[in-house]
Amino acid sequence: MSEKCKNCHKEFDSGIWISHQFKDEKVLLFCSDKCKGEYVKMKLERIKVNYPKYYNKLMKLEKKKDGN
């Protein structure tokens, strides 16, 4: 059964997925790490513009995670 990539919309048979965060959200499917990375980067940019305090909090947590 083929699926479509959330980022580039290509069809693929096996790939990478990110689980949903909310009950009404679907699992996100990606054909490659590159597409997954581009999608996450796009979402983080949206958060940075619309929710700067939350973005700063995320980045602090990420630095902590990388530091340990």
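Overview of the structure. Values in this document were obtained by computation on a predicted structure and should not be read as measured data.

1. Details of the packing of aromatic side chains
Here is step 1 of the chain: Using the criterion set out here, one finds one aromatic pair in the structure.
Here is step 2 of the chain: Judged by centre distance (5.3 Å) and plane angle (50°), the rings of Phe30 and Tyr39 are tilted.
Here is step 3 of the chain: Of the residues examined, Phe30 reaches a relative accessible area of 0% and is grouped as buried.
Here is step 4 of the chain: Using a relative accessible area of 11% as the deciding quantity, one classes Tyr39 as buried.

2. Re helix 1 (residues 33–50)
Here is step 1 of the chain: Relative to the 26 Å expected for 18 residues at 1.5 Å per residue, helix 1 spans 26 Å between its end C-alpha atoms, a close match to the ideal helical length.
Here is step 2 of the chain: Looking at helix 1, one finds that the buried residues are Cys35, Tyr39 and Ile47. One side of helix 1 holds all its buried residues, which, seen down the axis, span an arc of 110°. Exposed side of helix 1, more than 90 degrees from the buried face: Asp33, Lys34, Lys41 and Val49 are the residues found there.

Cut-offs and rules
Residues numbered from 1 in each chain as written. Predicted model: local features only at pLDDT ≥ 70, side-chain atom pairs only at ≥ 80, totals over all residues. Heavy atoms only, no water. Phe/Tyr/Trp six-rings, centres within 6.5 Å; stacked < 30°, edge-to-face > 60°. Buried < 20%, exposed > 50% of the residue type's maximum accessible area, 1.4 Å probe, protein only. Helix = DSSP H or I, 4+ residues; strand = E, 2+ residues; numbered from the N terminus. Expected span 1.5 Å × (residues − 1). Arc of directions from axis to C-beta.

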